[in-house]
Amino acid sequence: MINILVADDDALVRLALVDLLSTDPELTVVAEAADGLGAVEQASRHRVDIALVDVRMPRMDGIAATRRLRALPNPPRVITLTTFDLDEYVYDALAAGADGFLLKDTEPREIIRAVHVVADGQGMLHPAAARRLIDRFHRAARPEVLEARTRVEGLTPREKDVLALLALGDSNAEIAAALGMRESTVKAHVSRILGALGADNRVQAALLAHDAALGGRD
């Protein structure tokens with residue numbers, strides 16, 4: 001069972017998310033919050049595996065809440081929620097420790113899939129539009145490109161291959177199929193890549209890959 005916290009200041013959005021998540025027998029919503037501070041308080045009281053956190057909320061926004069959630073003794077994985085007109089906040093949320101984000105117009109079945117994917121330890125960089133936003137705003141706002149390139153250059157050629165596909169949002173299974181590897185081998189590579197890059201999760205590693213202009217599929 002995957003325990004979920006839903007944090008959004010719009011009561012109708014919270015209700016819709018809770019109703020949607022309740023359709024999956026493997027998911028249970030254990031807490032709700034109307035702002036970022038409430039999200040942190042609820043996550044401190046309950047065992048939360050996944051937190052769905054809106055970006056723009058009162059008292060404490062989703063970016064600050066993500067940072068606080070990830071700093072808890074037993075931190076939940078975080079998926080931030082945003083809309084196209086809030087896309088400038090996406091990088092900051094991911095850099096704060098979120099494992100991914102969803103646009104609020106995401107198909108319901110994709111929201112449920114995202115929860116399972118992130119609960120399995122993988123990042124969500126879908127859809128393709130989201131990846132373009134990450135690339136655009138990360139490059140425009142962050143000057144650490146040289147440092148990112150230095151870190152990536154320290155990887156082996158095979159690790160660079162894995163990272164390039166990870167940066168495109170591919171799952172471990174998709175990377176394994178593309179590179180002719182076992183999925184367990186891909187997991188081992190990803191673990192070493194995260195350590196070498198000093199990244200907390202796959203999404204942060206993907207951001208570093210984007211900064212380093214590491215190529216993926218043509």
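Located above this text is the structure these notes cover.
Here is a short report on the structure shown in this document. The structure presented is a predicted model; accordingly, all values stated were derived computationally and were not measured.

## Quick notes on helix H3 (residues 62-70)
Buried within H3 we find Gly62, Ile63, Ala65, Thr66 and Leu69. Across the axial projection of H3, the buried residues extend over an arc of 160°, all falling on one side. Two to three positions downstream of the cap, the backbone nitrogen of isoleucine 63 sits 3.1 Å from a side-chain oxygen, assigning the N-cap of H3 to aspartate 61.

## Some remarks on helix H1 (residues 11-21)
For H1, the set of buried residues is Arg14, Leu17, Val18, Leu20 and Leu21. Viewed end-on, H1 has its buried residues packed into an arc of 165°, placing them on one side of the element. Those residues of H1 that are buried are in contact with strand S1 (2-7), strand S2 (27-33), strand S3 (50-54), strand S4 (77-82) and helix H5 (108-119). Between the side-chain oxygen of the N-cap and the backbone nitrogen of leucine 12 there are 2.9 Å, and the N-cap of H1 in question is aspartate 10.

## Digging into the pairing of S2
It is a general feature of regular strands that their side chains alternate between the two faces of the sheet. Of the pairings in the sheet, the one linking S1 to S2 comprises 6 bridges and is parallel in character. Following the sheet pairing, asparagine 3 is matched in S2 by threonine 28. A crossover links S1 with its parallel partner S2, the connecting element being H1, and its sense is right-handed.

Calculation notes
- Residues numbered from 1 in each chain as written.
- Predicted model: local features only at pLDDT ≥ 70, side-chain atom pairs only at ≥ 80, totals over all residues.
- Heavy atoms only, no water.
- Buried < 20%, exposed > 50% of the residue type's maximum accessible area, 1.4 Å probe, protein only.
- Helix = DSSP H or I, 4+ residues; strand = E, 2+ residues; numbered from the N terminus.
- Arc of directions from axis to C-beta.
- Polar contact = N/O pair within 3.5 Å; in protein donor to acceptor, adjacent residues only side chain to side chain.
- Contact = heavy atoms within 4.5 Å.
- Pairing = 2+ DSSP bridges.
- Right-handed = clockwise from strand over helix to strand, strands pointing away.

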